[in-house]
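Listed here are the chains, written in short residue letters.
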Amino acid sequence: MTHELTCKGCGTRLIFTGVAEGSYLKCPNCGHITLMALEARAMSAQVQVDNQNTGGALDSLIAGIAGIIMSFSCVCLVPLMLVANVVGLYVGIRSSGSLKPFAIVSNLIAILLELFVGWWYFA
């Protein structure tokens, strides 16, 4: 099995095969000795995949909650937050992950509140 490792000494990407976990590897460029740890690399790869699955849903959810709060607290920012929540709704629709429904609903509620508050205040 082929594995990849970045040397801590010079940053060179090392590709190697047939090395067991816990072995020490010597960089051919700088001579820096690195401990081989496959388990840690596999865990960091899993965390990276989990972060990619959110796909903007968290950002969209935060925009929706901020829009709801701003609708009640500062009427002067309602037009700006309306634009932000339309963009947040778009990002929420295109996102993936478990937060997607909450992101869409929070942005829709924020847009409706902003339209109502804007109509009430500016009309």
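Along each chain, residue indices are assigned from 1 in the same order as the chain's sequence is written. Residues qualify for local features only when their pLDDT is at least 70, as the model is predicted, and side-chain atom pairs are given and counted only at 80 or more; totals for whole chains, interfaces and linings, by contrast, use all residues. Computation of side-chain values covers all heavy atoms of the structure but excludes hydrogens and water.

1. Concerning the overall build of the chain
Helices and strands together make up the secondary structure of the chain, namely four helices and four strands. Ordered by position from N to C terminus, the α and β elements of the chain give β-β-β-β-α-α-α-α. For the chain, with 123 residues in total, the buried portion stands at 27%. Contacts between residues were defined by any pair of non-hydrogen atoms, one from each residue, lying within 4.5 Å. For the chain, restricting intrachain contacts to residue pairs at least 6 apart in sequence, the fraction spanning at least 24 positions comes to 47%. For the chain, the exposed area adds up to about 8300 Å²; of that, 67% sits on carbon and sulfur atoms. Counting from the N terminus, the helices are DSSP H or I runs at least four residues long and the strands are E runs at least two residues long. Think of it in three bands: residues with accessible area under 20% of the maximum for their type are buried, residues over 50% are exposed, and the middle band is partly exposed, with areas taken using a 1.4 Å probe on protein chains only. Note on areas: these come from Shrake-Rupley sampling with a 1.4 Å probe, and a residue is covered only by the protein chains present in the view.

2. Points about helix H4 (residues 100-122)
In a helix, the anticipated span is given by 1.5 Å times the number of residues less one. Its 23 residues place the ends of H4 32 Å apart at the C-alpha level, agreeing with the 33 Å of an ideal helix rising 1.5 Å per residue. The complete set of buried residues in H4 reads Ala103, Ile104, Ser106, Asn107, Ala110, Ile111, Leu113, Glu114, Val117 and Gly118. Contacts from the buried residues of H4 go to helix H2 (57-73) and helix H3 (78-94).

3. Examining the packing of H2 against H3
As a rule, the C-alpha atoms of each element are fitted with a line to give its axis, helices using only the stretch in contact, and angles between N-to-C directions run from 0 to 180 degrees. Packing of H2 against H3 leaves a shortest axis separation of 8 Å and a crossing angle of 150°. In terms of orientation, H2 and H3 fall into the roughly antiparallel class. Both H2 and H3 take part in a crossing whose hand is left-handed. Contacts between H2 and H3 involve Ser60, Ala63, Gly64, Ala66, Gly67 and Met70 from the former and Met81, Asn85, Gly88, Leu89, Val91 and Gly92 from the latter. Three classes are used: nonpolar for Ala, Val, Leu, Ile, Met, Phe, Trp, Tyr, Cys and Pro, charged for Asp, Glu, Lys and Arg, and polar for all others, with Gly counted as polar. Residues that form the contact of H2 with H3 fall into these classes: six nonpolar, six polar and no charged. Geometric relationships in this document are graded by angle, where less than 35 degrees denotes roughly parallel, more than 145 denotes roughly antiparallel, 65 to 115 denotes roughly perpendicular, and other angles denote oblique. A crossing counts as left-handed when the near helix is turned anticlockwise from the far one by less than a right angle, and as right-handed when that turn is clockwise.

Everything listed is a geometric property; what it means functionally is a separate question.
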